[in-house]
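Results of the structural survey
One-letter residues, chain by chain:
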Amino acid sequence: MRLIFYLSGEFEELARIEAETFLNVFDGHTESTDNQIVVGECSEEISGYFNRFGLIHEVSEHLFSCTSLEELKGRFESIKIPDGKICVRVRNIGKRKVDSLRLERELGAVLWRRGAKISVSKPDHVIKVYFSGRIHTGVLLHETDRKQFLLRRPDLKPFFRPGAILPRIARSLVNIAGIKEGVVLDPMCGTGTILVEAGLMGLEFIGIEAYRVIAEGCGVNLQYYGIPKNVIIGDVKSMGLREESVDGIVTDFPYLQSTKSLGEIHELYSSAFAEFERVLKGNSRAVFLTNLDVDALVKKHFEIEYKLYQRLHKSLTRRVYVCRKIR
Ligand SMILES: C[S@@+](CC[C@H](N)C(=O)[O-])C[C@H]1O[C@@H](n2cnc3c(N)ncnc32)[C@H](O)[C@@H]1O
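Note that the structure is predicted; figures quoted are calculated from it, not measured.

**Concerning the UniProt feature "domain: THUMP" (unreviewed entry) in the chain**
Taken from the UniProt record, the annotation "domain: THUMP" (unreviewed entry) applies to residues 43–143. Between the C-alpha atoms that bound residues 43–143 there is a distance of 19 Å. The span itself is 22% helix and 37% strand.

**Focus: the environment of Leu185**
Considering the arrangement of structural elements, one finds Leu185 in strand 9 (residues 183–186). For the pair Leu185 and Val250, spaced 65 residues apart in sequence, the C-alpha to C-alpha distance is 6.2 Å. Ignoring anything within four residues of it in the chain, the contact list for Leu185 reads Ile206, Val246, Ile249 and Val279.

**What to know about helix 7 (residues 212–224)**
The end-to-end C-alpha distance of helix 7 is 18 Å, a good match for the 18 Å that 13 residues give at a rise of 1.5 Å each. Among the residues of helix 7, Ala215, Gly217, Cys218, Gly219, Asn221 and Leu222 are the ones counted as buried. Elements that come into contact with the buried residues of helix 7 comprise helix 6 (193–200), strand 10 (204–209) and strand 11 (231–233). Positioned one or two residues after helix 7, Gly226 has a phi angle of 70°, which is positive.

**Things to note about the sheet that holds strand 2 (residues 29–34)**
Read across the sheet, eight strands follow the order 2-3-1-4-8-7-5-6 without closing on themselves; strand pairing throughout is mixed. For this open sheet the edge positions go to strand 2 and strand 6 (117–118), each flanked by a neighbour on one side alone. Relative to strand 6, strand 5 (residues 85–92) runs parallel, the two being bridged by two bridges. Pairing of Ile86 across the sheet is with Ile118, part of strand 6. Against the sheet, helix 1 (residues 12–25) contacts strand 1 (2–7), strand 2, strand 3 (37–41) and strand 4 (56–66), and its axis sits at roughly 160° relative to strand 1. Most of the contacts of helix 2 (residues 69–76) go to strand 4, to which it runs at about 85°, and overall it touches strand 4, strand 7 (125–131) and strand 8 (135–143).

**So, the nonpolar core**
Grouped together as the largest cluster of nonpolar side chains are 83 residues, with contacts concentrated most on Phe5, Leu7, Val129, Val184 and Val287. Among the domains, domain 1 (2–143) and domain 2 (148–325) are the pair contributing at least three residues each to this core. If sequence neighbours within four positions are ignored, Phe5 has contacts with Ala19, Ile37, Val38, Ile56 and Val59.

**Here's the deal with the pairing of strand 2**
Pairing of strand 2 with strand 3 involves five bridges; the strand directions are antiparallel. Opposite His29, over in strand 3, you have Glu41 as the bridge partner. Hairpin connection between strand 2 and strand 3: a loop of two residues separates the two successive antiparallel strands, and Gln36 in this loop has a positive phi of roughly 55°.

**Comments concerning the sheet that holds strand 12 (residues 246–252)**
Whether parallel or antiparallel, the strands of a sheet pair through hydrogen bonds between backbone atoms. Reading across from one edge, 11-10-9-12-13-15-14 is the order of the seven strands in this open sheet, with mixed pairing throughout. Whereas interior strands pair on both sides, the edge strands pair on one side only; in this sheet they are strand 11 and strand 14 (302–313). Strand after strand, the sheet turns through a mean of 15° between neighbouring axes, direction not considered. With three bridges joining them, strand 10 and strand 11 adopt parallel strand pairing. Looking across to strand 11, one finds that Glu209 is bridged to Ile233. Its contacts with the sheet place helix 8 (residues 262–279) against strand 9, strand 12, strand 13 (280–290), strand 14 and strand 15 (316–325), and it is angled at close to 145° to strand 13.

About the cut-offs
Residues numbered from 1 in each chain as written. Predicted model: local features only at pLDDT ≥ 70, side-chain atom pairs only at ≥ 80, totals over all residues. UniProt positions renumbered as here; feature names shortened; annotations may be inferred. Helix = DSSP H or I, 4+ residues; strand = E, 2+ residues; numbered from the N terminus. Contact = placed C-beta atoms within 7 Å. Expected span 1.5 Å × (residues − 1). Buried ≥ 20, exposed ≤ 12 C-beta atoms within 10 Å, placed from the backbone. Pairing = 2+ DSSP bridges. Axes fitted to C-alpha atoms, helices over the stretch in contact; angles between N-to-C directions. Core = buried A, V, L, I, M, F, W, Y, C linked by C-beta atoms within 7 Å. Domains from an automatic or database assignment.

Take a look at the structure:
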C-alpha cells in the first residue's frame, strides 16, 4: 500500500527517520518527502502497528500528490469515492496557507455532486488534503492519540527524576531501532521512560541501571503501567547479557559535564560501545542520546547512519545517534 505520513513538526528530522524506518521494516521504501510529510510504499501488515507511532501524527492511504489548486480540484472530479459517509479535511503545513474551511466545502461539494454522502460530524471516511511544498491527498487510516503521551509525562509517574526524556521522543527512538518483534535493551534505563513505551508497544525489553534506588523506582513505574519489571542492577560497561541476544538498543547516556574527568567519560563510552556491539544481533541498530560528540568512538564498532542535534537550552544540545552494527 502507498501511504502518506504526516509528521510532528516538533523534531521533524527524527519523525522522518521514524516514518522511513517503518517503511523499511514493512518491506517498503520512501518515495518522496516534503515538509512534515513522507510518502512511501510498504506491505499492508504495517496497519497492525500504527498504534506504535511516536512522532507520526497521522497516516493516510495515498490517493495522489499534485502541485496546484486547479489540479487538486480537477483530481477530485475523478477520485474513487469511499463507501459510507465522507468528509474532506484540509491541513496547512508550514508557510503554505489556503482558506482550509472554504476549500473543504468546495471539495466536499465536488464529491457531493458526484453522489457522495457527506457528514462533517460523523464521517465513516476522512479525505485528508495536506498543503505542504506539494499537495498530498489520501484517505485517513490512523490518527495518533497524542494525549496519552502527556498523561505519561515523567513528572506524573510514581517515580520521577529530573532529566527523563519525553514519552513521544522515547517511542520514536524505539521505532527507529526498527524492531517488529523482539527484545529492546535500555542499558542506562533511569526511570524507565524508554522501557515503558517499549512495553506498551508490545515489545519485550530489558533494562539495566547502575543505582539500586533508581532501578527500584523504574520497577515501580513499569508496574504502574502493568508491564513486567524487567530491570536489573548492572553496569553498561560490562553487561551480564549473552552475545547477540538483543534486537535493538535504545538509551540515553548520563549528561556528563566537565566536572567528570575525561578519562572517566572516555571509559564509559568506549566500554559501552564495545558492549553494545557484543550484545546486539548483526545488522541491528543502536539508537542513543548524548550531550557529547562521540563519532570517533562509535565508528570503532558501528556505522553512523544519522546524527541529529536538538538544542534543549543554552548549555545543552542533545545529539541523537542512529547506528548500525556492521559486523
Ligand atoms: C540520562 S539518565 C537516563 C534517563 C532515562 N532515559 C529516563 O527517562 O529516566 C542516565 C541513567 O544512566 C544511569 N547510569 C549511569 N552510569 C551507568 C552505568 N555505568 N551503567 C548503567 N547505568 C548507568 C544513571 O544512573 C541514570 O539513571
